Amino acid sequence: MEEPKFEKYISCKWLESGVCFDNGVYGSNVKLCCYMSAPGGGNSMIFEDYHGEKIDWEKFFQIKREYREIQKRGETVPGCVGCVFLEEKEWLQEDYINNIIFDHFTKCNCCCSYCYTEEDKKRYNSLKTYNIYPIIKEMFDKKIIRNDGAIGFGGGEPTILPEFDKLIALFLKNGFYDMRVPSSGIKYSKIIEKGISTGQLSVVVSIDSSSKETYKKIKQIDAFDKVCKNLKKYAKAQRNMFNVISKYIIIPNINDNVEEIDNWLKFNKENNIGIVVIDIENSWLTKYRQTVADEKVIGLIKYVQAKAKEMNIYRLEICDRAKYLVEN
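What comes next concerns the included structure. Quantities reported herein were computed from a predicted structural model and do not represent experimental measurements.

Right, let's talk about the pattern of salt bridges for a bit. Inspection of the entire model under this criterion finds 20 salt bridges. A salt bridge links Arg-68 to Asp-95; the shortest N-O distance between them is 4.0 Å. Of this pair, Arg-68 sits in helix H2 (residues 57-72) while Asp-95 sits in the loop between strand E5 (87-92) and strand E6 (97-103), placing them 27 residues apart in sequence. The salt bridge partner of Lys-307 is Glu-310, with a shortest N-O separation of 3.4 Å. Of the two residues, Lys-307 and Glu-310 are both situated in helix H11 (residues 295-310); the distance of 3 residues between them amounts to about one turn of the helix. Connected through shared salt-bridge partners, Glu-16, Glu-58, Arg-65, Arg-68 and Asp-95 make up one network.

Two measures describe an aromatic ring pair: the distance that separates the ring centres and the angle between the ring planes. The tally for this structure, following the rule as stated, stands at 14 aromatic pairs. When the centroid spacing of 6.4 Å and the interplanar angle of 45 degrees are considered together, the rings of Phe-47 and Phe-60 count as tilted. Placement of Phe-47 in strand E4 (residues 45-47) and of Phe-60 in helix H2 is noted, with a sequence separation of 13 residues between them. Judged by relative accessible area, which is 14%, Phe-47 ranks as buried.

Within helix H5 (residues 164-173) the residues assigned to the buried category are Phe-164, Leu-167, Ile-168, Leu-170, Phe-171 and Leu-172. If you follow the buried residues of H5, they end up packed against E6, helix H4 (133-141), strand E7 (145-153), strand E8 (179-183), helix H6 (190-198) and strand E9 (201-206). At the C-terminal side of H5, Gly-175 shows a positive phi close to 80 degrees.

Bringing the packing of helix H9 (residues 258-270) against H11 into the picture now. The contact between H9 and H11 brings their axes to 11 Å, and the two run at 35 degrees. In the packing of H9 onto H11, the handedness of the crossing is right-handed. Counted together, Val-258, Ile-261, Asp-262 and Leu-265 of H9 and Leu-300, Tyr-303, Val-304, Lys-307 and Ala-308 of H11 form the full contact between these two elements. Of the residues in the contact of H9 with H11, the class split is 7 nonpolar, no polar and 2 charged.

The next subject is the packing of H4 against H5. The geometry of H4 relative to H5 is characterised by a closest axis approach of 10 Å and an angle of 10 degrees between their N-to-C directions. Judged on the interaxial angle alone, H5 and H4 are roughly parallel. When the axes of H4 and H5 are compared, the crossing they make is left-handed. Residues Tyr-133, Ile-136, Lys-137 and Phe-140 of H4 form the contact with H5, whose participating residues are Lys-166, Leu-167, Leu-170 and Phe-171.

Once that is clear, we can look at the environment of Glu-119. Here Glu-119 is to be found in the loop between E6 and helix H3 (121-126). Taking C-alpha positions, Glu-119 is 28 Å from Ile-301, a pair spaced 182 residues apart along the chain.

Peptide bonds are mostly trans, and most non-glycine residues show a negative phi. Although it is not a glycine, Asp-49 adopts a positive phi angle of roughly 50 degrees. Structurally, the position occupied by Asp-49 is in the loop between E4 and H2. Among the residues examined, Asp-49 registers a relative accessible area of 59% and is labelled exposed. Even without being glycine, Asn-253 reaches a positive phi, approximately 75 degrees. Along the chain, Asn-253 turns up in the loop between strand E10 (244-250) and H9.

Should the sulfur atoms of two cysteines be covalently bonded, the bond is a disulfide. This structure, assessed with the given rule, holds 0 disulfides. Note on Cys-110: no disulfide assigned, nearest cysteine sulfur contributed by Cys-112 at a separation of 4.0 Å.

Here E6 lies mainly inside the structure; 7 of its 7 residues are buried. Sheet analysis places E6 next to E7, joined by 5 bridges and oriented parallel. Each bridged residue has a counterpart across the sheet, and for Ile-101 the counterpart in E7 is Gly-152.

What counts and what doesn't
- Residues numbered from 1 in each chain as written.
- Predicted model: local features only at pLDDT ≥ 70, side-chain atom pairs only at ≥ 80, totals over all residues.
- Heavy atoms only, no water.
- Salt bridge = Lys/Arg side-chain N within 4 Å of Asp/Glu carboxyl O.
- Helix = DSSP H or I, 4+ residues; strand = E, 2+ residues; numbered from the N terminus.
- Phe/Tyr/Trp six-rings, centres within 6.5 Å; stacked < 30°, edge-to-face > 60°.
- Buried < 20%, exposed > 50% of the residue type's maximum accessible area, 1.4 Å probe, protein only.
- Contact = heavy atoms within 4.5 Å.
- Axes fitted to C-alpha atoms, helices over the stretch in contact; angles between N-to-C directions.
- Left-handed = near helix turned anticlockwise from the far one by under 90°.
- Nonpolar A, V, L, I, M, F, W, Y, C, P; charged D, E, K, R; others polar.
- Parallel < 35°, antiparallel > 145°, perpendicular 65-115°, else oblique.
- Disulfide = S-S within 2.5 Å.
- Pairing = 2+ DSSP bridges.

Following this line, the structure appears as structure tokens:
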């Protein structure tokens, strides 16, 4: 058996072995990723104007190889210039996919004020999606997918996606153990419950608050009590301390205060939610990343670090956007 070949250069896991099925700001397409927090990030296309058609996998990987060669020359794929996810390491020189983002839908059951869909909620809630399950099934059949990577969702609310249950069931059946499903938490999902009970899936609920009043300001709907109830229910079903994740996105002038953060951390601790995540709002970062950042937000991120340690929270994750802000 031939030994795997590795080469060292600057790249990222999405350039090398990732794919994103998108239906967002730039239309319906297949691209490398959906990370829009850096200049150029999330814009490197594989196929434009894509609506669920059968994929020519040889052409798909040929494009990926071309991107790889650009990185190996010490240059950068144009759509990836300035991205915070680029890193130098040893990369496997094979054609496969093990990191997938499903971002091909925009309909949601929440109305987060910081979401890009807020610019035209009616339009985004009415955008038609396409059937993704046959594409993923073919990838498994052709052994294009490896189960040692990560599965994620973007766009709208995954639990209201018609194919969501059978899609997750397919990944569970094929041995994936790194699936993160961001959810509003408004609709309780039995397939998510199954995934967290086996330890193969984590649900991430961005509650962003610790009170009904703050929640309603951010989410623009009255569902705080329902979300808290569902979070507790998920936490009781989880196999490990890291299968239910509570997220807090700092929104300047709304939830950027110590009292709200303290009560949020307390709720998580009391309900056996082992992982908490702190992040910052994307458009705010886009505005401040090239100028002097708001010291208050940086201070709050550092405060959460210290407070989570003091409370013996199982694990605190600082999202790359927030980490970038603090470190730079």
